[in-house]
Amino acid sequence: MSGGPEPISAEGLRAVQEELAQLRADRGKVAATLRGVEPTGDRADAADELQRASEVTRLDRRITELEARLREAEVAGKPSARVVGVGSTVTVRFDDGTEETVEISEVAEERDLTLVTYDSPLGKALLGRHAGETVDYETPAGAASATVLSVGGTE
């Protein structure tokens, strides 16, 4: 990504919010088991408690990361309508002449084939580009290129 505050696509925002809600729920469940553990017990009980405490720490770290990502997206505002970035919708023409409008996203979802992640070969090639530019990238089948026809932010 660019190193500065990054916008987030509508789909990326939804995915981050869903993951955050799930992590908070999971954390609540695990943390509740820590409060109910008796201070006395055998080594297996102590090891289990330590493992749950480690899980709470892991969940807390991920929650903090996602909250920071949401704050960053808020500061960044909407995606640019001129330069391809995370959250942009981009219409491209591929080598075979087909045209497709894709959204540059942080997450890929199987149900939505129009999402292109920013760290995929095509996503990396498109970031920072403008309408009229041609990008080269690698696919499993070999080298490919696409021409950016238009750039727009998501609503």
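Source: prediction; values computed, not measured. (Residues numbered from 1 in each chain as written. Predicted model: local features only at pLDDT ≥ 70, side-chain atom pairs only at ≥ 80, totals over all residues. Heavy atoms only, no water.)

## Observations regarding a negative patch on the surface
Phase 1: Taken together, the side chains of Asp95, Asp96, Asp136 and Glu138 define an acidic patch exposed on the protein surface.
Phase 2: Position of Asp95 relative to the elements: it lies in the loop between strand E1 (88-94) and strand E2 (99-105). (Patch = residues over 30% accessible without salt bridge, like charges linked within 9 Å, V, L, I, M, F, W, Y side chains within 5 Å. Areas by Shrake-Rupley, 256 points an atom, 1.4 Å probe, with all protein chains shown as cover. Salt bridge = Lys/Arg side-chain N within 4 Å of Asp/Glu carboxyl O. Lys, Arg positive; Asp, Glu negative; His and termini not counted. Charge placed at Lys NZ, Arg CZ, Asp CG, Glu CD. Helix = DSSP H or I, 4+ residues; strand = E, 2+ residues; numbered from the N terminus.)

## Some remarks on the pairing of E1
Residues in a regular strand project their side chains so that they alternate between the two faces of the sheet.
Phase 1: By the criterion of burial, E1 is predominantly enclosed, with five of the seven residues buried.
Phase 2: The sheet contact formed by E1 and E2 spans five bridges and is antiparallel. Residue pairing across strands places Val90 opposite Val102, the latter belonging to E2.
Phase 3: With antiparallel pairing between neighbouring strands as the criterion, E1 and E2 make up a hairpin whose turn holds four residues, including Gly97 at a positive phi of roughly 95 degrees. (Buried < 20%, exposed > 50% of the residue type's maximum accessible area, 1.4 Å probe, protein only. Pairing = 2+ DSSP bridges.)

## Overview of the environment of Ala81
Phase 1: Locating Ala81 in the fold gives a position in the loop between helix H2 (43-76) and E1.
Phase 2: Sequence spacing of Ala81 and His130 is 49 residues, and the spatial spacing of their C-alpha atoms is 9.4 Å.

## Observations regarding the pattern of salt bridges
Two side chains carrying opposite charge are able to pair once their charged atoms lie near each other.
Phase 1: Using the criterion set out here, one finds 10 salt bridges in the structure.
Phase 2: Residue Glu133 is joined to Arg129 by a salt bridge in which the shortest nitrogen-to-oxygen separation is 3.2 Å.
Phase 3: Residue Glu133 is classed as partly exposed on the basis of its relative accessible area of 28%.
Phase 4: The partly exposed category is assigned to Arg129, whose relative accessible area is 29%.
Phase 5: Through salt bridges with shared partners, a single ionic network connects Glu19, Arg62 and Glu65.

Nothing here speaks to function; it is geometry throughout.
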